[in-house]
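Overview (structure and organization)
Next come the chains, spelled out residue by residue.
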Amino acid sequence: MDTKLLFQDAAGFATPMLAVFAVDVAAGKDADPLPVLLNTSDTVTKAAAKVLGSGEFKAGLGETILLHSPAGLKAERLLVVGLGKAKTLSADEIRKGAGTAVRAAKPLGLREVAIAFPEDRAISDEHVDALPCLLLSRALVEGAEIGEVDYDTYRSERKDRSVRSLTVIAKESEKREREEIQEGFNLGLIVAGAQNFTRSLVNEPGNVLTPTVLGARAAAMCKEAGLTCEVYSTEKLHELKMGAFWAVAKGSTEPPALIVMTYEPEGGPAKDLPVLGLVGKGITFDTGGISIKPADGMEKMKYDMAGAAAMIGSMKAIAQLKPKVKVIGIVCSAENMPDGNAFKPGDVVTTMSGKTIEIVNTDAEGRLVLADGLHYAKTLGCTHLINAATLTGACVVALGMLNAGLFSNDDATCAKFEAGLKASGEKFWRLPCTDDYKDQIKSQIADMMNTGKTRYGGATNAAMLLKEFAGDTPWVHLDIAGCAWNEETKPWLPYGPTGIAVRSIIEWVRGYSA
Ligand code: BES
Ligand code: ZN
Ligand code: ZN
C-alpha cells in the first residue's frame, strides 16, 4: 500500500472514502450507546450527525456505517468506524479500527482510502495524556497495513481487492505534535512491514517453504536490509555437534537450515552493552515424526515455523530502526518427518552443550531444535536471549488464542519485555517455570527427557527444558502456538497468519537501545 501522511482539514480532502473513528461515550452499563466522532471538524461532525443520532450505529469495536455523498465533504463516502467504549479506548482500538476501515473498502472495490487521525480532545482532556499521538499514529498505520493483506496468493482466480493507497489525514497542529505524528507514522510503517513479511512466510505451505527456502528468504531479506546472514545446513550441525537439532532434522529428505542474521550498530557495539539473541523455532512442517500426529488438523502444522518467521521479520525492522545494540537472529529450521532415518522414542541425543536428552515423544521436537539454538546463541556472545516458538498445544489449552505464553528465568528481563506490550498491543501472559518444576522432565537414563512425566502443565514442562539451555543467561520464552494463526476472520484481520510476537520483540530490542 502506498501510505502517506498529510496535515490538512479532512473535510477538504478528495477521496473515494474517508474513514472517521467514533466511540461510545455512554456512561453506565445499561445506558443506550452514545456514539461520538473522534474528530473536531464541524463539517465532518455535521455530516455524520444524523446517522449518529439515529440509534442505528452503536460505535461497537469493528462496527461500521457508510454514508454516500456526505454533506460538505470532498470525500465521496464517509465511513464511520466504531472503536467501542470511550472509557476503554487504547491504541489497540485505533489499530483495529484502522484495519477495519481498510478492510471495509475491499468489498466495495475501492482502491484508495483516507483515515482521519483520531482527535482525542473530542472526548476529554484525560485522553490527551493517556494516548500520546506518537503511539496513536503508529498503531493506526500498523492496523491499516496489517488489515490490508489478504492471503489469496494461491488462488488461481484471484479477486484483486487490494487497497493501493492510504492517506492518513491529521489536522494542522503545533510543530511538536506534527513531528510526533510523523515519527509514529514512520515507525508504524517499519513495524507493520516486518510483521507482514513474517506473515507472508508463515502463510507459505510446507511444500513451498522448506528449511532451505526459508534460509534463502531470510538471506534475501538480509541482503536488502544490510544485515549479515549465514545459512548453514547438515554439515554445520555436525560440526557444532547439535545432536538435538540434527535428531529432528534427520528424518526428512529436506536438509535443515541454521540461519544466523547479524545486526551491528554503527561504530560497533559498546563494550558494556548487551548482545541480544533472537532464537526461532522453524519447523516448516511438523508431522510429529514417529510419534505421528492424528490426521485431523495436521495441515495446520505448516505454521510451526511462526517463531522463526517472527525472528526474521524482527531482524528486518531492526535493520531499519538501527537500535544501539547488537542483535543476532538465529533460526533452527527442519522438517519433522517419520522415516527410516527418523529419530525414535527412546533415543538419547547429545546436545551441543553436552547435556543429554532422552526422547520420549518425537512430536516434542521444538524444544530440541531450540535447545541447540539457545546454546549456540550463547557461544556467539549473546548476553540476553529471547525465543519464540509454536511450542505446545498445552499453551493453547491454557491461554486460548488471545494471550500467548510468556516464560522467563529473569524478572528484570521479563519486565523489560512486558514494558513493551503497551506499545505493541500484543498480549502475553506469564506462566511459571520455577525450578520446582524441574522434576517433571527428569529422565531415568539421561540428563532430562523431552516431555513431562504427565501431560499436566505441558507448556511449563517445555519451558523447563529450554531453561536448562538458557542456563544463567537472562532469557524470555514466548509460546505462540495459540496466537500465530487467526482461525476466524475479524473486521480488522483476515483468516491466516497473524505475525504475533514481531511487534513485541522489536519493542524489547528497542528497550535496550540506550
Ligand atoms: N508444534 C507442536 C505444538 C503446536 C500445537 C503448535 C498446536 C501449534 C498448535 C509441537 O511440536 C507439539 O507437537 N507439541 C506436543 C508436545 C507433546 C508431545 C509433549 C504437544 O503440544 O502436544
Ligand atoms: Zn511437534
Ligand atoms: Zn512443533
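Look up a bit, the structure's there.
This is a predicted model, so every value here is computed, not measured.

Turning to the overall build of the protein, a few remarks are in order. Of the regular secondary structure elements, the protein holds 15 helices and 20 strands. Counting only C-alpha atoms and orienting by the principal axes, one finds that the protein spans roughly 75 × 50 × 45 Å. Burial status across the protein gives 58% buried among its 514 residues. Restricting the contact set of the protein to residue pairs at least 6 apart, pairs at least 24 apart contribute 77%. Only carbon and sulfur atoms are counted for the fraction: they give 51% of the accessible area of the protein, which is about 20900 Å².

Spatial strand order, β12-β13-β17: three strands in an open sheet with mixed pairing. The outermost strands of the open sheet, each flanked by one partner alone, are β12 (348–350) and β17 (448–449). Across three bridges, the pairing between β12 and strand β13 (residues 356–358) is antiparallel. Each bridged residue has a counterpart across the sheet, and for threonine 350 the counterpart in β13 is threonine 356.

On to the coordination of the zinc ion (ligand 3), then. Surrounding the zinc ion (ligand 3) are the protein donor atoms Lys281 (NZ), Asp286 (OD), Asp304 (OD) and Glu365 (OE), which sit 1.9 to 2.4 Å from the metal. Counting along the primary sequence, the residues that act as donors to the zinc ion (ligand 3) give the motif K-x4-D-x17-D-x60-E. The zinc ion (ligand 2) is placed at 3.2 Å from the zinc ion (ligand 3), the two being bridged by aspartate 286. One end of the pair, lysine 281, is in strand β10 (residues 275–286); the other, aspartate 304, is in the loop between β10 and α9 (306–321), and 23 residues separate them in sequence.

On to the site of ligand 1, then. In the neighbourhood of ligand 1, 16 residues make up the surrounding shell, with Lys293, Asp304, Asp363, Glu365 and Gly393 lying closest. For ligand 1, an oxygen atom lies 2.7 Å from a polar atom in the backbone of glycine 393. Within the complex, the protein chains bury 78% of what would otherwise be the 510 Å² of accessible surface of ligand 1. Applying the majority rule of atoms within 2 Å of the grid points places ligand 1 in the largest pocket.

With respect to topology, eight strands assemble into an open sheet ordered β8-β9-β11-β10-β14-β18-β15-β16, the strand pairing being mixed. Looking at the sheet topology across the chains shown, the edges are occupied by β8 (228–232) and β16 (428–430). Ignoring which end each strand starts from, the neighbouring axes of this sheet average 20 degrees apart.

On to the coordination of the zinc ion (ligand 2). Bound to the zinc ion (ligand 2) are the protein donor atoms Asp286 (OD), Asp363 (O), Asp363 (OD) and Glu365 (OE), situated 2.0 to 2.2 Å from the metal. With six donor atoms in place around the zinc ion (ligand 2) and angles of 72 to 169 degrees between them, the coordination shape is irregular. The sequence pattern formed by the donor residues of the zinc ion (ligand 2) is D-x76-D-x1-E.

Moving on, we come to the packing of aromatic side chains. Taken as a whole, this structure holds four aromatic pairs when the rule is applied. Ring centres 5.1 Å apart and planes at 85 degrees place the aromatic pair phenylalanine 417 and phenylalanine 428 in the edge-to-face group. Residue phenylalanine 417 is found in helix α12 (residues 411–419), and its partner phenylalanine 428 is found in strand β16; the two are separated by 11 residues along the sequence. According to the relative accessible area criterion, phenylalanine 417 is buried, its value standing at 0%. Ring centres 5.1 Å apart and planes at 75 degrees place the aromatic pair tryptophan 508 and tyrosine 512 in the edge-to-face group. Following the ring pairs from residue to residue traces out a cluster consisting of Tyr303, Trp485 and Tyr495. Positioned above the aromatic ring of phenylalanine 7 is the side chain of arginine 178, whose terminal nitrogen or guanidinium carbon lies 6.0 Å from the ring centre. The side chain of lysine 416 reaches across the aromatic face of tyrosine 512, ending 4.4 Å from its centre.

How each quantity is defined
Residues numbered from 1 in each chain as written. Chains lettered and ligands numbered in written order. Predicted model: local features only at pLDDT ≥ 70, side-chain atom pairs only at ≥ 80, totals over all residues. Heavy atoms only, no water. Helix = DSSP H or I, 4+ residues; strand = E, 2+ residues; numbered from the N terminus. Buried < 20%, exposed > 50% of the residue type's maximum accessible area, 1.4 Å probe, protein only. Contact = heavy atoms within 4.5 Å. Areas by Shrake-Rupley, 256 points an atom, 1.4 Å probe, with all protein chains shown as cover. Pairing = 2+ DSSP bridges. Donors = N, O, S within 2.8 Å, 3.2 Å for Na, K, Ca; no water. Near = heavy atom within 4 Å. Polar contact = N/O pair within 3.5 Å; in protein donor to acceptor, adjacent residues only side chain to side chain. 1 Å grid on protein atoms, 1.4 Å probe; cavity = no way out; pocket = protein on both sides within 12 Å on 5 of 7 lines; lining within 4 Å. Sits in = over half its atoms within 2 Å of the grid points. Axes fitted to C-alpha atoms, helices over the stretch in contact; angles between N-to-C directions. Tetrahedral: all angles 85-135°; square planar, octahedral: opposite > 155°, others 65-115°. Phe/Tyr/Trp six-rings, centres within 6.5 Å; stacked < 30°, edge-to-face > 60°. Lys NZ or Arg CZ within 6 Å of the ring centre and 35° of its normal.

Keep in mind these values describe shape, not function.
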